[in-house]
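Letter by letter, the chains look like this.
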Amino acid sequence: MDHGNIPIDHRAILELIEKQTSVLDLGCGRGELMDILIKEKGCRCQGIEIDENAVYECVARGLSVLHGDIDSGLSEYADNSFDYVVLNQSLQQLRHFDSVFKDALRVGRRVIVGLPNFAHYKTRLQLFFGGKAPVTPSLPYNWFDSPNVHFLSILDFRDYCKSRDARITHSIYLGEKMRILLLPNLLANVAIFLLKAGTVLESG
Amino acid sequence: MKENALGLVKAQEFTFAGSGEGFKLECGESFSPVTLAYEAYGQLNRDKTNAILIAHALSGDAHAAGLADGENRAGWWDNMIGPGKAFDTDKYFIICSNVLGGCRGSSGPSSINPKTRKPYGLSFPSVTIRDMVNAQKELIDYLGIDKLLSVAGGSMGGMQVLTWLAAYPGRLQSAIPIATTLKHSPQQIAFNEVGRQAIIADPCWRNGDYYGSAPPAKGLSLARMIGHITYMSDQSMEKKFGRIKKKDARPFKFTADFEVEGYLHYRGGNFVKRFDANSYLYISKAMDNFNLLDGRTLQGLFKGVKARLLVIAFKSDWLYPSYQSKEIIKAAKLAGLESTYCEVDSTYGHDAFLLETKEETHLIRHFLKKVFYSIQVR
């Protein structure tokens, strides 16, 4: 497969997921990520998606998808039902962030979280010098039509994981087109974390 | 003659349990012989891997698609079954049989008892959804099909689908229960009971022994009218009828002068021509007694099942509300079944499974394609 066509965040997630594993993609959208995971990694994928038209697109791709919201969709699963639970660009949009996060760690042996970084320097500059709610590539919405209800930085999420007894075992920081290796909380648009339940231990 | 891609289709008959112990029913009785009327469309492939069983609802029959020989009447799911349709007869072999207890060619209370040479009437034993499925399994065995590609159906058809999944998981690759439930709710039972009481209260019913005289047409028609109200939605009735009055409204106090009244009378009257009142009693009772969770837990229901699942519900369906479909999905989640669920945004009410064919076709066509593909590459 031509990796040039795969979005940079999907490529990062693809790296973190082992072959022949089971994946639950929460807020799977049109199923692009599940599609790659099946083709490239031979994963068994299950999606959950609230948007009816996105569900039809998933079905057209031959994917298994459940139409519904993430909150109730996740809580019905038994412990350790999947090798990975993926929350890519969806956690910050959930009103019940905390309960979904805990449930994800219960249902998945590992959890992958992808989040926009609110402390990116462009956000900081727009807010500080422009004095307006920032609009950036990873936070592309106006204040009045944003689906995001939580605005957090990479450091915020690290603190949060500590407080919730979740261990970050790997982190990938992304700019618009490339990986960010230095000062991620300032330079990364998006962060991808691999987590598991357990004591906090810094790495990556 | 109407245009129909499948053309004329012929009803077939399969009779079994004619000798020996007979066909064992859940009520404990044995029944002999059993006849199932069925129709089949498309070609069974050499490996017999492309067969799909369609299960019909309360008032349905084996004539699911095409034009019935001699009747020029399209099947009840003709918009879904045929060349290039959701159940594509160019690819799949589609079977639909009339349920046990029915009145459209399969053994039921209006069938002739070979011992008395009279219709069974109420001497016909009680049947359950499981009995209907067990009889279908005999037909599938007879056709030499080891594993069905899918079993699909809406409403009571969906109950049969779920029963197949729980009782014979090794005999199907996938299941498509539509607008259905794991167990009949008190509301669903209540509406059925009103329908049954309408039949029973008709003096022509005569304890079910009306064959050879006038049937309880008023009662059966009333049962059907009640049924039709529950199959529609407030929105679909508003759109279809509004408060429009019929043109031939006569100035009698209680004439059915609203369009909606005329429609219900028309549907009720038509139903009497093709349906047996006793079958209505038997089949509606089988639906009410349906509880797949009886003696099982939600966790254990689909344990070890490998089949793929496609569950479809409709937003405006208040007779089989989507929470009942979500309960099916919950059982599937607990069993680790790969499943797809969609709550289709439709205003048609319960009838949507027969009418909302665009979305239904999309879901079923792609789902079947995936299932069929995955058994070929295995």
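Residues numbered from 1 in each chain as written. Chains lettered and ligands numbered in written order. Predicted model: local features only at pLDDT ≥ 70, side-chain atom pairs only at ≥ 80, totals over all residues.

1. Some thoughts on the overall build of chain A
Here is the rule we go by: Secondary structure counts use DSSP, requiring at least four H or I residues in a row for a helix and at least two E residues in a row for a strand, with both numbered from the N terminus. For a compact globule the rule gives 2.2 Å times the number of residues to the power 0.38, and the radius of gyration it is set against comes from C-alpha atoms. The exposure label follows from counting other C-beta atoms within 10 Å of a residue's C-beta, where the C-beta atoms are placed from the backbone and the thresholds are 20 or more for buried and 12 or fewer for exposed, leaving partly exposed in between. Our contact criterion uses C-beta atoms placed from the backbone: two residues qualify when those atoms are within 7 Å.
Check the secondary structure of chain A and you find eight helices and seven strands. Relative to the compact-globule value of 17 Å for 204 residues, chain A shows a C-alpha radius of gyration of 16 Å, a close match. Summarising its shape, the C-alpha atoms of chain A cover approximately 50 × 40 × 35 Å along the three principal directions. Within the span of chain A, comprising 204 residues, buried residues form 42% of the whole. Excluding contacts between residues fewer than 6 apart, the proportion of contacts in chain A whose partners are at least 24 apart in sequence is 61%.

2. A look at the overall build of chain B
Looking only at helices and strands, chain B has 11 helices and 16 strands in total. Relative to the globule expectation of 21 Å for 378 residues, the C-alpha radius of gyration of chain B, 20 Å, shows essentially globular dimensions. Out of the 378 residues belonging to chain B, those deemed buried represent 51%. Taking contacts inside chain B between residues at least 6 apart in sequence as the whole, the part at least 24 apart equals 72%.

3. A closer look at the packing of helix H3 (residues 186-201) of chain B against helix H7 (residues 277-288) of chain B
All names here are of chain B. Stated precisely, the cut-off is as follows: Throughout, an axis means a line fitted to C-alpha atoms (over the contacting stretch in the case of helices), and angles, computed between N-to-C directions, take values from 0 to 180 degrees. Reported orientations rely on four angle classes, namely roughly parallel under 35 degrees, roughly antiparallel over 145, roughly perpendicular from 65 to 115, and oblique for the rest. Put simply, a crossing is left-handed when the front helix is turned counterclockwise from the back one by less than a right angle, and right-handed when it is turned clockwise. In the scheme used here, Gly and all other residues not listed as nonpolar or charged are polar, with Ala, Val, Leu, Ile, Met, Phe, Trp, Tyr, Cys and Pro taken as nonpolar and Asp, Glu, Lys and Arg as charged.
Close contact between H3 and H7 brings their axes to 10 Å; oriented N to C, the two are set at 160 degrees. Considering the angle they form, H3 stands roughly antiparallel to H7. Both H3 and H7 take part in a crossing whose hand is left-handed. Across the interface between the two elements, Ile189, Asn192, Gly195, Arg196 and Ile199 of H3 pack against Ala277, Tyr280, Leu281, Ser284, Met287 and Asp288 of H7. Looking at the contact of H3 with H7 residue by residue, the class counts come to six nonpolar, three polar and two charged.

4. A short note on the interface of chain B and chain A
How large an interface is tends to be reported as the accessible area lost when its parts come together. On the chain A side, the residues contacting the 18 residues of chain B number 16 residues. Secondary structure elements with two or more residues in the side of chain B that touches chain A: helix H9 (322-334), strand E16 (339-344) and helix H11 (357-377) of chain B. Looking at the side of chain B that touches chain A, the element that brings in the most residues is H11(B), giving six residues. Per-class residue counts for the side of chain B that touches chain A are six nonpolar, five polar and seven charged.

5. What to know about the domain arrangement of chain B
Residues and elements named next belong to chain B. Heads up, the rule is: The split of the chain into domains comes from an automatic or database domain assignment.
Assigned domains of chain B: these are domain 1 (8-183 + 292-377) and domain 2 (188-287). Placing the centre of domain 1 and that of domain 2 at their C-alpha centroids yields a distance of 25 Å. Residue-level contacts link 26 residues of domain 1 with 21 residues of domain 2. Of the residues that constitute the side of domain 1 that touches domain 2, the class distribution is 14 nonpolar, 11 polar and one charged.

6. Structural notes on the pairing of strand E2 (residues 44-49) of chain A
Within a regular beta strand, the side chains point alternately toward one face of the sheet and then the other, so they alternate between its two faces. Residue and element names in this part refer to chain A. To keep things clear, this is the line we draw: Following DSSP output, two strands are said to pair if at least two bridges run between them. Note on handedness: a clockwise path from strand one over the helix to strand two, with the strands aimed away from the viewer, defines a right-handed crossover.
In terms of burial, E2 is largely enclosed, as five of its six residues are buried. Relative to E2, strand E1 (residues 22-26) is paired through five bridges, and the arrangement is parallel. For Leu24, the partnering residue across the bridge sits in E2 and is Gln46. In this fold, the crossover linking E1 to E2 by way of helix H2 (residues 32-41) has right-handed handedness. With three bridges joining them, E2 and strand E3 (residues 65-67) adopt parallel strand pairing. Within the sheet, the bridge partner assigned to Ile48 lies in E3 and is Leu66.

7. A look at the nonpolar core
How we decide: Only buried Ala, Val, Leu, Ile, Met, Phe, Trp, Tyr and Cys residues enter a nonpolar core, and they are joined through C-beta atoms within 7 Å.
Counting residues in each nonpolar core, the largest one holds 163 residues, and the members touching the most others are A:Val85, B:Ile52, B:Ile54 and B:Ile94. Mapping this core onto the domain boundaries places at least three of its residues in each of domain 1 (8-183 + 292-377) and domain 2 (188-287) of chain B.

8. Some details on the environment of B:Arg274
Locating B:Arg274 in the fold gives a position in helix H6 (residues 259-274). Put simply, B:Arg274 and B:Ala17 are 257 residues apart on the chain and 27 Å apart in space, counted from C-alpha to C-alpha.

9. With respect to unusual backbone geometry
Residue B:Pro33 is reached from B:Ser32 by a cis peptide bond, and omega for that bond is -15 degrees. With respect to the element layout, B:Pro33 can be found in the loop between strand E4 (30-31) and strand E5 (34-41). In this model, A:Leu183 sits at a positive phi of 40 degrees, which is unusual for a non-glycine residue. With respect to the helices and strands, the residue A:Leu183 is situated in the loop between strand E6 (166-174) and helix H8 (184-187). Taking the number of C-beta atoms within 10 Å as the measure of exposure, A:Leu183 has 10 and is therefore exposed.

10. Here's the deal with H11(B)
As a reminder, the rule being used: Multiplying 1.5 Å by the residue count of a helix minus one yields the expected span of that helix.
Over its 21 residues, H11(B) runs 30 Å from end to end, which matches the ideal 30 Å to within 8%, given 1.5 Å per residue. Residues of H11(B) that are buried include every one of B:Glu360, B:Leu363, B:Ile364, B:His366, B:Phe367, B:Leu368, B:Lys370 and B:Val371, and no others.

11. Section: the environment of A:Leu115
Residues and elements named next belong to chain A. Within the fold, Leu115 resides in strand E5 (residues 108-116). The class for Leu115 is buried, based on 24 C-beta atoms found within 10 Å. Between the C-alpha atom of Leu115 and that of Glu32, which follows or precedes it by 83 residues, the distance is 18 Å. Setting aside its immediate chain neighbours within four residues, Leu115 contacts Leu91, Gln92, Leu152, Phe157, Val190 and Ala191.

12. Some thoughts on the packing of helix H4 (residues 217-231) of chain B against H6(B)
Residues and elements named next belong to chain B. Axis separation between H4 and H6 bottoms out at 8 Å; the angle between their running directions is 125 degrees. Between H4 and H6, the angle falls in the class oblique. In this structure, H4 meets H6 at a crossing whose hand is right-handed. Touching Ala217, Leu220, Ser221, Leu222, Arg224, Met225 and His228 of H4 are Leu264, Arg267, Gly268, Gly269, Phe271 and Val272, all from H6.

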